[in-house]
Every structure is written in C-alpha cells, then in structure tokens.
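Fold and geometry: a report
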Amino acid sequence: MRFVLAIVSFVVGLLLVGLAVGQRTVFAPPSSLVAASTAKTSAPVTVIPGTTLNANPGYQEINIKGSGDVFAAYGKTSDVLAWVGDAAHTTLRFDAEDGTLQGRTTGSGTSVPDPAGSDLWYQEYDGAGQFTVRLPEDVSVVIVGDGKDAAPSDVSVTWPRDTATPSVGPLLVAGGVFLLGGIALLVWAIVHQRRGRGPRRRSGGTRPPRVRASRRAAAAGAQVPSRGRRGRRAFVAVPVVLVGALTLAGCSAEYWPQGGDTTPTPTPTASGTADQSEPVAATKQQIKRIVERVATTARKADTARDAKLAAERFTGAALELREANYTIRAKDSDVDAPPKISADEVCVALPQQTDTWPRTIFAITAADCSAKTAAPQALTLTQETARDPYKVAYDVSLEADAQIPTLAPTSVGAALLAPTTKLLTIEPDQVATAYADILAKDTKSEYADLFDVDGDALRSTIGKAYKDKKAKALPDTAKIDYSSEIPDDSAVAFATDKAGALVSADLDEVEKVTPTASGAEVNTEGAVKALSGVDSSKKGISATYGVQVLFYVPPVGSDEKAVLLGFTQGLTAASEVQ
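In this text, all values refer to a predicted model and were calculated from it rather than measured experimentally.

What counts as what
Residues numbered from 1 in each chain as written. Predicted model: local features only at pLDDT ≥ 70, side-chain atom pairs only at ≥ 80, totals over all residues. Heavy atoms only, no water. Helix = DSSP H or I, 4+ residues; strand = E, 2+ residues; numbered from the N terminus. Buried < 20%, exposed > 50% of the residue type's maximum accessible area, 1.4 Å probe, protein only. Contact = heavy atoms within 4.5 Å. Pairing = 2+ DSSP bridges. Axes fitted to C-alpha atoms, helices over the stretch in contact; angles between N-to-C directions. Core = buried A, V, L, I, M, F, W, Y, C linked by side-chain atoms within 4.5 Å. Salt bridge = Lys/Arg side-chain N within 4 Å of Asp/Glu carboxyl O. Disulfide = S-S within 2.5 Å. Patch = residues over 30% accessible without salt bridge, like charges linked within 9 Å, V, L, I, M, F, W, Y side chains within 5 Å. Areas by Shrake-Rupley, 256 points an atom, 1.4 Å probe, with all protein chains shown as cover. Phe/Tyr/Trp six-rings, centres within 6.5 Å; stacked < 30°, edge-to-face > 60°. Lys, Arg positive; Asp, Glu negative; His and termini not counted. Charge placed at Lys NZ, Arg CZ, Asp CG, Glu CD. Arc of directions from axis to C-beta. pLDDT = per-residue confidence, 0-100.

1. Details of the overall build of the protein chain
Within the protein chain one finds 13 helices and 22 strands. Burial statistics for the protein chain: of 578 residues in total, 43% are counted as buried. Considering only residue pairs separated by 6 or more positions, the protein chain has 73% of its internal contacts joining residues 24 or more positions apart.

2. A look at the sheet that holds strand 7 (residues 123–126)
Pairing within the open sheet is mixed, and its 6 strands lie in the order 6-5-2-9-4-7. Every other strand in the sheet has two partners, leaving strand 6 (100–106) and strand 7 as the edge strands with one partner each. Across the sheet, the axes of successive neighbouring strands diverge by a mean angle of 25 degrees, strand direction being ignored. The pairing of strand 2 (residues 45–48) with strand 5 (residues 89–95) spans 3 bridges and is classified as parallel. Note on strand 5: the bridge partner recorded for Thr46 is Thr90. Most of the contacts of helix 3 (residues 77–84) go to strand 4 (residues 71–76), to which it runs at about 125 degrees, and overall it touches strand 2, strand 4, strand 5 and strand 9 (139–144).

3. Structural notes on the nonpolar core
Tyr435, Phe451, Leu458, Val549, Phe551 and Val553 are the most contacted members of the largest nonpolar core, which totals 27 residues. Those elements that provide at least two residues to this core are helix 10 (428–441), helix 11 (457–462), strand 17 (492–495), strand 18 (501–515), strand 21 (541–553) and strand 22 (563–576). Broken down by element, this core gets its largest block of residues, 7 residues, from helix 10. Other than its neighbours up to four places away in sequence, Tyr435 contacts Phe451, Asp456, Leu458, Arg459, Leu507, Phe551 and Leu564.

4. Structural notes on the pattern of salt bridges
Between side chains of opposite charge, a pair can form as their charged atoms come close. All chains considered together, the criterion is met by 14 salt bridges. The salt bridge partner of Asp437 is Lys441, with a shortest N-O separation of 3.3 Å. Taken as a pair, Asp437 and Lys441 lie in helix 10 at a separation of 4 residues, close to a single helical turn. Classification of Lys441 as partly exposed rests on a relative accessible area of 41%. Where Lys467 meets Glu509, a salt bridge forms, and the shortest distance between an N and an O atom there is 2.6 Å. In this pair, Lys467 is assigned in helix 12 (residues 464–472) and Glu509 in strand 18, connecting sequence segments 42 residues apart. Of the residues examined, Glu509 reaches a relative accessible area of 7% and is grouped as buried.

5. Describing the state of the cysteines
Inspection of every chain in the model, using the stated rule, returns 1 disulfide. Here Cys347 engages in a disulfide with Cys369; their sulfurs sit 2.0 Å apart. Taking the sign of the S-S torsion, -95 degrees for the link of Cys347 and Cys369, the bridge is left-handed. Here Cys347, found in strand 11 (residues 345–351), pairs with Cys369, found in the loop between strand 12 (359–366) and strand 13 (377–383); they are 22 residues apart in sequence, far enough to count as distant. Since its relative accessible area comes to 31%, Cys347 is described here as partly exposed. With relative accessibility at 34%, the residue Cys369 sits in the partly exposed group.

6. Observations concerning a nonpolar patch on the surface
The grouping of Met1, Val4, Leu5 and Val8 at the surface amounts to a nonpolar patch, some 400 Å² of accessible area in total. The topology assignment puts Val4 in helix 1 (residues 2–24).

7. Focus on the pairing of strand 5
Looking at chain direction, strand 5 and strand 6 are connected through 7 bridges and run antiparallel. By the bridge assignment, Arg93 is partnered in strand 6 with Gln102. Hairpin remark: strand 5 followed by strand 6, antiparallel, with 4 residues in the connecting loop; positive phi at Gly99, about 70 degrees.

8. Some points on the packing of aromatic side chains
Scanning the entire structure with this criterion turns up 9 aromatic pairs. The interplanar angle of 70 degrees and the centroid separation of 6.5 Å between the aromatic rings of Tyr74 and Tyr122 together place this pair among those described as edge-to-face. With a gap of 48 residues between them, Tyr74 in strand 4 and Tyr122 in the loop between strand 6 and strand 7 connect regions that are remote in the sequence. Side by side, Tyr74 and Tyr122 carry an identical accessibility label, which is buried. Here Tyr435 and Phe451 contribute two aromatic rings whose centre-to-centre distance is 5.8 Å and whose plane-to-plane angle is 50 degrees, an arrangement assigned as tilted. Residue Tyr435 is found in helix 10, and its partner Phe451 is found in the loop between helix 10 and helix 11; the two are separated by 16 residues along the sequence. Since its relative accessible area comes to 0%, Tyr435 is described here as buried. Put simply, the rings of Tyr74, Tyr122, Tyr125 and Phe131 pair up and form one aromatic cluster.

9. Looking at the side chain of Ser156
Here Ser156 shows up in strand 10 (residues 154–160). With residues up to four places along the chain from it excluded, the contact list for Ser156 reads Val34, Ala35, Ala36, Glu61, Ile62, Asn63 and Leu101.

10. Some details on a negative patch on the surface
Taken together, the side chains of Asp69, Asp114, Asp126, Asp146 and Asp149 define an acidic patch exposed on the protein surface. Accessibility expressed as a relative area gives 62% for Asp114, which makes it exposed.

11. Here we look at helix 3
Turning to helix 3, its buried residues are Asp79, Val80, Trp83 and Val84. The buried residues of helix 3 occupy one face: seen down the axis, they fall within an arc of 135 degrees. One or two residues past the end of helix 3 sits Gly85, with phi positive at roughly 60 degrees.

12. A closer look at the confidence of the model for the protein chain
Residues at a pLDDT of 70 or more form 81% of the protein chain, whose mean pLDDT is 85. Across residues 222–237 the pLDDT falls below 50, and counting only partners more than four positions away or on other chains, this stretch makes 6 contacts in the model. Below pLDDT 50 for its whole length, residues 271–275 participates in 8 contacts with residues either more than four positions away or in separate chains.

13. Some words on unusual backbone geometry
Omega for the bond connecting Trp357 with Pro358 falls within 30 degrees of zero, at 0 degrees, which places this linkage in the cis form. Locating Pro358 in the fold gives a position in the loop between strand 11 and strand 12. At Asp489, a position not held by glycine, the phi torsion is positive, near 50 degrees. If you trace the backbone, Asp489 turns up in the loop between strand 16 (478–485) and strand 17. For Asp489, a relative accessible area of 71% corresponds to the exposed category.

Following this line, the structure appears as structure tokens:
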C-alpha cells in the first residue's frame with residue numbers, strides 16, 4: 001500500500017509540474033496585441049488619436065508601411081487637429097471586437113503643406129518603419145505622404161500584453177511537495193519491507209558462511225561497482241530537478257499572484273505634457289528646438305546677407321533691422337553684423353497660456369547663462385497660425401546688470417496682457433510713446449517719473465544729450481530735426497509673478513538733416529550713405545533708426561518704476577528728403 005501511495009504522489013507531482021511548465025510554453029498567452037488598419041481612403045492625412053493609442057495599456061509600437069514619401073510625428077492633439085485644419089483626414093479608432101483599427105474620413109481639403117520641421121511636433125519621423133512611444137491621451141500621431149496623394153494606409157499599432165501566469169509558482173510548489181512526499185513514502189515503504197525480512201533462526205546443523213558473488217569476484221581481482229549506487233543516483237536526480245524548478249519559480253514575480261492593480265499606466269514620453277490648469281503654447285523642449293532653428297537660420301542669413309532666408313524666422317522690427325543691415329554690409333564691409341543669437345542655453349523659456357492662435361513665446365538665450373562674456377539675447381517670438389513657424393518679432397540684447405523679474409515655470413506659462421490693460425503703471429501700447437518722449441526731453445518729459453534712470457544705457461546712446469551734441473556739431477548751413485514714430489499694436493506684454501509685466505516694444509527715431517543756406521548740400525557717410533545710395537543732397541537726408549526695447553513695467557499702485565532691461569537699435573532706412 002505504501003508503494004501505491006508513493007506512485008500516486010509521484011504522478012500527481014509530475015502532473016502539477018507539467019501543468020505549470022505548460023502554462024509557460026504551450027498554453028502561454030501571446031506577448032502582444034496587434035491592431036492593423038483596414039481603412040482604404042484617398043485622404044492625404046491619417047491621424048491616430050491619443051484615445052486610440054491608450055485603448056490598451058502599455059507602450060505603443062506604431063508600424064507604418066508604404067513606398068514613396070512617408071512622414072509621421074506626434075504632438076498635442078489640439079495642435080495636430082489645428083495643423084490638419086479642413087484637410088481630408090482619416091481618424092483611426094480601435095475596434096475591441098475585431099481587434100482592428102477602423103478609419104473614419106472627414107474634411108474636404110485635398111492637400112496639406114510639408115509637415116516636416118513644424119514647431120508643433122514633439123517628435124517627428126521620416127520614412128516608413130516603426131517607432132515605440134508611450135503617449136498620454138492628449139497626444140496624437142499624424143501620418144502624411146507627399147501631402148497630395150493618399151497617406152499610407154498600411155498602419156498598425158502593437159501593445160504589449162500581460163504574460164504573467166500567477167498559478168505557475170503555486171503549481172510548481174504543490175508539485176514539488178507531492179514529489180517530495182512520494183520520495184518519503186517510497187523510502188518508508190522500502191524500510192518497512194526490509195524490517196519485515198529480519199533474520200530467522202536456522203536448524204539442521206551449521207553451514208559454512210555463504211560468500212556473496214561480489215566478494216568472490218573481488219577475491220578474483222574483478223572491479224565490482226559498489227552496492228546500491230545506481231539506485232541512489234535515480235533518487236538524487238528527482239530532488240535536483242525539483243530544486244531547479246522551485247528556484248525558477250521563486251525568481252520571477254510573474255509566476256505568483258500579485259496584490260493590487262498591476263495594470264501599467266501610460267506616461268508621456270514628450271516632456272511638458274503633464275496635467276496643468278491652463279494650456280501653454282509650447283513646452284520647454286519645443287522652445288529650445290525653436291530657438292535652435294532660429295539661431296541656425298539667423299547664422300546662415302547673416303553670413304549670406306540673405307533677407308529672404310531671414311524672413312523665414314524673423315518679422316516686424318527684428319526683420320527690418322536685418323534687411324537694412326544686409327544692404328549696408330553689401331556696400332560697406334566694416335559694418336558689423338547683427339548680434340549673434342546663441343542657442344547653446346535657453347536661460348528662460350516662457351510660453352503664452354493659450355491653445356489658440358496667434359501664439360507668443362518669450363525666451364532668453366546665451367552661450368552660458370551664468371557667464372557675462374556676451375550679452376544674452378531676449379527673443380519674443382510669434383506664431384500666426386498652426387502651419388506657420390515661430391518668428392522673432394523682437395531681438396533684444398540685455399543690459400549687463402539686467403534683473404529679470406520672477407516668472408512662472410515653463411509648464412505653467414504666462415498670460416499675454418492686453419495692450420490697453422490698466423493693471424500696469426503704464427499701458428503696454430503707451431510704453432514706446434512715453435519712452436520716446438523721454439529720449440527727446442529727458443527729465444522734462446511728462447513721463448520722466450515713470451521710468452528708472454539708473455542703468456539706462458540707451459539714454460546716453462541716443463537720448464537728449466546725444467541729440468543736442470550732434471545738432472551743435474553741424475555747420476551753420478544745415479540743421480537737424482528729430483522725431484519719433486510708433487508702430488501701431490506692436491507691444492507684447494507677458495505677465496510676471498508679481499502682477500507686473502515684461503513689455504517688448506519698438507519705436508523709430510527719425511533724423512532729418514536739411515540745408516539752411518542757398519546752394520548748400522548735405523553730405524552722407526558710413527551706413528547712411530550705403531543704405532541711401534546718395535553721396536550728397538541739396539534737399540536733405542532722412543535717416544530712420546529702429547529701436548527695440550524690453551522693459552519691466554510694475555503693477556498699478558506700485559512705487560517701483562519701469563526698468564529698461566535691454567535694447568537693440570540700428571539704421572533701418574535712409575533716403576533723400578522729398
């Protein structure tokens with residue numbers, strides 16, 4: 001009976017171990033779930049929403065097949081849809097019943113522009129292939145071919161599946177217990193059997209001791225294996241296999257039941273997509289990439305004096321200054337190029353709180369934010385529509401001792417204040433007008449008490465003292481008149497942490513030199529001569545200097561004064577007086 005129990009225990013143990021091994025081999029669940037697109041449309045754009053990507057937990061492996069041009073990128077869902085606009089596009093949704101991606105086409109436009117290099121994307125991929133991401137629900141993928149023909153339709157998304165088999169560990173342990181129990185029962189049965197065959201008393205005289213065959217063979221010099229060795233090896237093999245199985249089960253957590261919810265939670269790979277109270281125009285990584293692109297374009301355009309290239313990344317006052325500089329340097333090589341924009345470090349990255357257009361961001365860049373070897377550049381950039389790149393509207397060199405006020409984190413962003421807001425000591429659209437009056441009248445200006453004099457290097461550069469000195473240096477046969485022109489709706493005001501604002505503005509300082517005596521002429525030189533193309537004139541010469549300024553303006557009711565943080569100025573126009 002003991003032998004029967006041992007055999008039954010062995011059989012049960014082997015069945016349990018076999019079942020455990022089978023769950024990791026024959027009955028193992030698939031390691032991934034693949035959903036392929038069944039959509040066949042002529043739309044030039046395909047969109048995979050974040051909700052589709054998160055229809056199943058875990059990483060998302062996106063595979064795109066196709067010949068010809070293939071482009072893919074991902075960005076904030078609202079940005080992706082804004083870029084697509086009214087163009088025909090196929091939106092892919094996950095069908096849980098069929099395990100496929102079903103497409104629905106909307107929109108009427110037949111083409112889209114080249115999406116490569118858009119400032120909206122968090123990441124982009126060129127060419128067919130696959131890439132693995134882990135995107136949240138508010139981030140979507142956009143796929144485009146050449147922008148006119150149908151976008152690639154052979155698209156699939158793969159999610160990892162939970163391959164944990166929590167019953168393997170308990171099955172192996174239970175199987176091991178039964179195998180060990182079988183061994184114990186077998187040993188017990190053998191011992192009991194031997195005890196039942198104990199020594200018996202013999203009768204009929206004595207017999208010589210019986211010599212076993214092994215002893216006779218040993219006496220003859222033969223090599224005889226030791227008694228019982230084969231049986232012991234068989235018994236040793238079972239524990240060794242058992243210990244190996246138990247060790248394997250103990251080393252992997254997926255072989256055991258786990259407490260709590262183990263479903264993986266998707267997390268964004270694109271930085272700056274964390275939950276926030278207000279949407280922002282761009283993330284810190286996007287702003288850094290935008291600045292790098294601007295710096296690259298500026299370097300190429302400044303070197304080649306290419307105004308058309310500069311217009312790809314500059315606008316307004318910043319573009320006017322570069323266009324004039326290129327014209328001047330083409331005729332006078334001694335004139336310096338515009339200040340270099342360094343993208344080595346982005347010291348400040350402040351996006352506007354918005355998810356509509358136009359959008360604005362503010363950035364301070366430098367070769368080294370902690371060093372004072374070169375003046376950092378304060379850039380104010382605008383994006384008119386979702387399909388436009390960010391362009392520099394203001395490029396200001398900061399003062400050496402400029403103290404930037406406390407600003408909100410990049411992930412939070414800042415509000416863009418209205419040009420006529422009453423929350424500041426000076427309305428943003430009046431900053432340029434008030435400061436132009438100070439440059440003309442200095443302390444006699446009605447706005448003098450609103451601006452801080454200390455550290456204002458621009459006053460000494462083109463202020464009243466400079467203008468009076470230049471007027472006195474003219475001969476009696478000529479006179480000089482000064483005036484200021486303020487562009488409409490050009491001021492940009494970013495709110496700071498303490499209710500103040502960073503205000504970027506521009507103004508034009510116009511110098512008009514005219515002869516006062518009959519037959520007298522006004523001669524030109526330097527940059528004015530190069531830009532006007534006039535050597536001398538009996539009518540006079542008009543020169544316009546564009547001035548870009550950055551101010552900190554305190555909140556209304558504050559005792560503080562507006563502080564000039566930086567400026568850039570240069571000749572933008574010159575001509576003969578008409």
